[in-house]
Amino acid sequence: MTFSADNLLDINASTSKANASFSHAFPGDSGRRQPVHTVYGGAQIFKADTAAKLGATALQSLKDYAPTAKDLARAVALDGTKDFKATVYNRVVQKLKNEPVEDFRIDFEDGYGNRPDSEEDKHAEFCAAEIARGMAGNSLPPYIGIRLKPLTEDLKARSIRTLDIFVSTLVRQSGGKLPENFVVTIPKVVLPDQVAVLVRLFKILEKKLTLPEGALKLEFMVETPQSVFDSRGIVAIPAFVAAAEGRCVAAHFGVYDYTASMNITAQYQSMVHPACDFARSVMKVALAGTGVWISDGATNVMPVGPHRAGKSGKGLTGRQKAENKRAVHRVWKLNFEHINHSLMNGFYQGWDLHPVQLPVRYTAVYAFFLKELAAASHRLRTFMERAAQATLIGDVFDDAATGQGLLNFFLQGIACGALTEKEMEETGLTVEELRTRSFARILRDRRGRNEGSGGWTEGRR
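Residues numbered from 1 in each chain as written. Predicted model: local features only at pLDDT ≥ 70, side-chain atom pairs only at ≥ 80, totals over all residues. Heavy atoms only, no water.

Q: Could you clarify how one ought to interpret the overall build of the chain in this entry?
A: Within the chain, the regular secondary structure consists of 16 helices and 8 strands. Taken against the 2.2 N^0.38 rule, which gives 23 Å for 461 residues, the C-alpha radius of gyration of the chain at 24 Å falls within 12% of a compact globule. Taken over the C-alpha atoms alone, the chain extends approximately 90 × 55 × 45 Å along its principal axes. Relative to all contacts within the chain whose residues are 6 or more apart in sequence, the contacts with residues 24 or more apart total 77%. For the chain, the exposed area adds up to about 22,400 Å²; of that, 54% sits on carbon and sulfur atoms. Of the side chains in the chain, 58 bear a positive and 51 a negative charge, and the two mean positions are spaced by 7 Å. (Helix = DSSP H or I, 4+ residues; strand = E, 2+ residues; numbered from the N terminus. Rg over C-alpha atoms; globule rule 2.2 N^0.38 Å. Contact = heavy atoms within 4.5 Å. Areas by Shrake-Rupley, 256 points an atom, 1.4 Å probe, with all protein chains shown as cover. Lys, Arg positive; Asp, Glu negative; His and termini not counted. Charge placed at Lys NZ, Arg CZ, Asp CG, Glu CD.)

Set out below in structure tokens:
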């Protein structure tokens, strides 16, 4: 042997330090449920029961424009067998009844506009009170938050004031609590300093309102070229995440602000524009392994027909109803194509701006998961068998991150209603193992059973 013990001790120590630093920066997917969308709505119209009202409108739109699975499949050009289309349709209906909105953002930016300070003060206080009422009545979606105005020179004072009024009022009226999965969205970030300022404000609020340290979380929006590359030509996104000091949960892509900032004319501003694909790819690479979720943007063409019933109560003619249906189906198909473009590129969350978009959101997501079910089940089952073999021969199986990624497909599909726990059985995992949400824990538990029984214990097949 050429290497001495002293040589190896120093080398091992430096390698361990570097590996620990890498693991801290890239902890991998947490296994937490990521919402499939974020619905944005202006603060001036938010109430505690907004999610339920959005669901009712979405269900009515399905009844009006696609009363059967065949109608919906034809509208969005969904392929598959009759049973497949029926399964997707029935699960979409159940979702709209039980949990129509997974994530909602009360918007004080584009969806709200610039208003007198006194008016925004009142809306910030009113929305906070409605959140507290929703917490008490269990009417809020699983994820919720607010979007502030950007921290630019012109708007930073207004943004900070809204944050203060909203959080202070909410904590006071809720008995000192924040909603579960509450987040603050900061738009048009171009400097890590802007993220750092928000973190400083969070710390002050937490201390003065006696909230737990780290209770306030943030997400930032990528909406300009400077959000992708900084003035030195370096990818800017990692610096934003670092400035958040562990509080950043997601990064959202703003399609239309981004394309406008790239001098793309309105006619060609679209989620599928190559400029958007490039920016999203940079986001994907920059955030891979960090545990920070990525959300795509929205289709800004609304699925609304040209005709509306008059205030007198006079109904629409048959011709008008048919024209409305064609108009809605045309936009539904566009929306469906956009969501599929996101899903195929690994973006499992996006924006919805109108309740009539919700049926298409869930149709696209559910069809995607169900079509991938057989292949994903085979991959995870094979992966589990590889892990079993490694344990049997006393080898170390160190590819748990890939296993967690495969497991996350099913966790996400089940959480949003696309898949059922029973459909997990084809993977070789039990329902109990699934509910641990951790591939590493599944391996540890199975290894423990293996050592206790003298052999590997397979999951239910």
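Q: Which parts of the structure should I look at to understand the nonpolar core?
A: Side chains of nonpolar character tend, in soluble globular proteins, to be buried together. Counting residues in hydrophobic clusters, the biggest one holds 117 residues, and the most contacted among them are Ile106, Phe166 and Trp332. By residue number, the principal contributor to this core is helix H13 (residues 358-392), which donates 15 residues. Setting aside chain neighbours within four positions, we find Phe166 in contact with Ile106, Ala124, Cys127, Ala128, Ile131, Ile146 and Phe182. Tyr143, Val249, Ala250 and Trp293 belong to the second largest nonpolar core, which has 5 residues in total. (Core = buried A, V, L, I, M, F, W, Y, C linked by side-chain atoms within 4.5 Å. Buried < 20%, exposed > 50% of the residue type's maximum accessible area, 1.4 Å probe, protein only.)

Q: How do you make sense of the packing of aromatic side chains when you look at a structure like this?
A: One pair of aromatic rings is described through two measures. These are the centre distance and the angle between the planes. In the structure shown here, the tally under the stated rule is 16 aromatic pairs. Centroid distance Phe220 to Phe240: 5.3 Å. Interplanar angle 80 degrees. Geometry classified as edge-to-face. Taken together, the residues Phe220 in strand E5 (residues 217-222) and Phe240 in helix H9 (residues 237-243) connect sequence positions 20 residues apart. Ring pairing ties together the aromatic residues Tyr348, Phe368, Phe369, Phe409 and Phe410, which thus form one cluster. The residue whose ring lies beneath Arg115 is Tyr112, and the NZ or CZ to ring-centre distance is 4.4 Å. Above the plane of the ring of Phe347 lies Lys284, whose end atom (NZ or CZ) is 5.1 Å from the centre. (Phe/Tyr/Trp six-rings, centres within 6.5 Å; stacked < 30°, edge-to-face > 60°. Lys NZ or Arg CZ within 6 Å of the ring centre and 35° of its normal.)

Q: Please explain helix H3 (residues 69-76) as it appears in this structure.
A: Helical periodicity: at 3.6 residues per turn, an α-helix aligns residues three or four positions apart in one direction. In terms of residue burial, H3 counts as a mostly covered element, since 6 of its 8 residues are buried. Residues of H3 that are buried include every one of Ala69, Asp71, Leu72, Ala73, Ala75 and Val76, and no others. A positive backbone phi angle near 60 degrees is found at Ala77, which sits one or two residues after H3.

Q: Sorry if this is basic, but what is going on with the confidence of the model for the chain here?
A: As a general rule, the predicted coordinates of low-pLDDT regions are not to be interpreted in detail. When pLDDT is averaged along the chain, the result is 91; 93% of the residues meet or exceed 70. Note on residues 455-461: pLDDT under 50 across the span, and 25 contacts to partners over four residues away in sequence or across chains. (pLDDT = per-residue confidence, 0-100.)

Q: Looking at this model, I keep getting lost on a nonpolar patch on the surface. Mind explaining?
A: On the surface, Phe3, Leu8 and Ile11 cluster together into a nonpolar patch covering about 280 Å² of accessible area. For Phe3, the position within the fold is in the segment before helix H1 (5-25). Phe3 sits in the exposed class, given a relative accessible area of 55%. (Patch = residues over 30% accessible without salt bridge, like charges linked within 9 Å, V, L, I, M, F, W, Y side chains within 5 Å. Salt bridge = Lys/Arg side-chain N within 4 Å of Asp/Glu carboxyl O.)

Q: Quick question: what am I supposed to make of helix H11 (residues 274-287) here?
A: The end-to-end C-alpha separation of H11 is 20 Å, in line with the 20 Å expected for 14 residues at 1.5 Å each. Taken together, the buried positions of H11 are Ala275, Cys276, Ala279, Arg280, Val282, Met283, Ala286 and Leu287. Buried residues of H11, seen end-on, are gathered within an arc of 155 degrees and therefore sit on one face of the element. Exposed and oriented more than 90 degrees from the buried face of H11 are Pro274 and Val285. Looking at the residues trailing H11, positive phi occurs at Gly289, about 85 degrees. (Expected span 1.5 Å × (residues − 1). Arc of directions from axis to C-beta.)

Q: Explain the packing of H3 against helix H12 (residues 318-344) to me, please; I cannot follow it from the model alone.
A: Between two packed helices, the angle of one axis relative to the other and the distance separating the axes together describe the packing. In contact at an axis separation of 7 Å, H3 and H12 are set at 70 degrees when each is read in the N-to-C sense. Of the possible angle classes, the one that applies to H3 and H12 is roughly perpendicular. Facing H3, whose interface residues are Asp71, Leu72, Ala75 and Val76, H12 presents His329, Trp332, Lys333 and Phe336. Each residue belonging to the contact of H3 with H12 can be placed in one class, and the counts come to 5 nonpolar, 1 polar and 2 charged. (Axes fitted to C-alpha atoms, helices over the stretch in contact; angles between N-to-C directions. Parallel < 35°, antiparallel > 145°, perpendicular 65-115°, else oblique. Nonpolar A, V, L, I, M, F, W, Y, C, P; charged D, E, K, R; others polar.)

Q: Where do I start with the pattern of salt bridges in this structure?
A: Between side chains of opposite charge, a pair can form when the charged atoms approach closely. All chains considered together, the criterion is met by 33 salt bridges. Measuring nitrogen to oxygen at the nearest pair gives 3.1 Å for the salt bridge that ties Glu423 to Arg91. Note that Glu423 is positioned in the loop between helix H14 (400-416) and helix H15 (431-436) and Arg91 in helix H4 (residues 82-98), a separation of 332 residues in sequence. In terms of burial, Glu423 and Arg91 fall into one category: buried. Several salt bridges share partner residues, and in doing so they unite Asp107, Glu109, Asp110, Arg147, Lys188, Glu223 and Asp257 into one network.

Q: Whenever I open this one, the environment of Phe347 confuses me. Can you help?
A: With respect to the helices and strands, Phe347 occurs in the loop between H12 and strand E8 (350-352). Put simply, Phe347 and Lys217 are 130 residues apart on the chain and 21 Å apart in space, counted from C-alpha to C-alpha. Excluding residues that lie within four positions of it along the chain, Phe347 makes contacts with Arg280, Lys284, Ile294, Asp296 and Ser342.

Q: Quick question: what am I supposed to make of the packing of helix H2 (residues 50-65) against H12 here?
A: At their nearest, the axes of H2 and H12 sit 10 Å apart, and the two run at 115 degrees to each other. Here H2 runs over H12; the crossing is left-handed. Between H2 and H12, the residues in contact are Ser61, Leu62 and Tyr65 and Asn324, Lys325, Val328, His329 and Trp332, respectively. Residues that form the contact of H2 with H12 fall into these classes: 4 nonpolar, 3 polar and 1 charged. (Left-handed = near helix turned anticlockwise from the far one by under 90°.)

Q: Whenever I open this one, empty space enclosed by the protein confuses me. Can you help?
A: Applying the stated rule across the entire model yields 1 cavity of 30 Å³ or more. Volume-wise, the largest cavity comes out at about 40 Å³. Taken together, Phe46, Lys47, Ala48, Thr50, Ala51, Phe104, Ser139, Leu140 and Pro141 make up the lining of the largest cavity. (1 Å grid on protein atoms, 1.4 Å probe; cavity = no way out; pocket = protein on both sides within 12 Å on 5 of 7 lines; lining within 4 Å. Points joined across faces, edges and corners; volume = space filled by probe spheres on them.)

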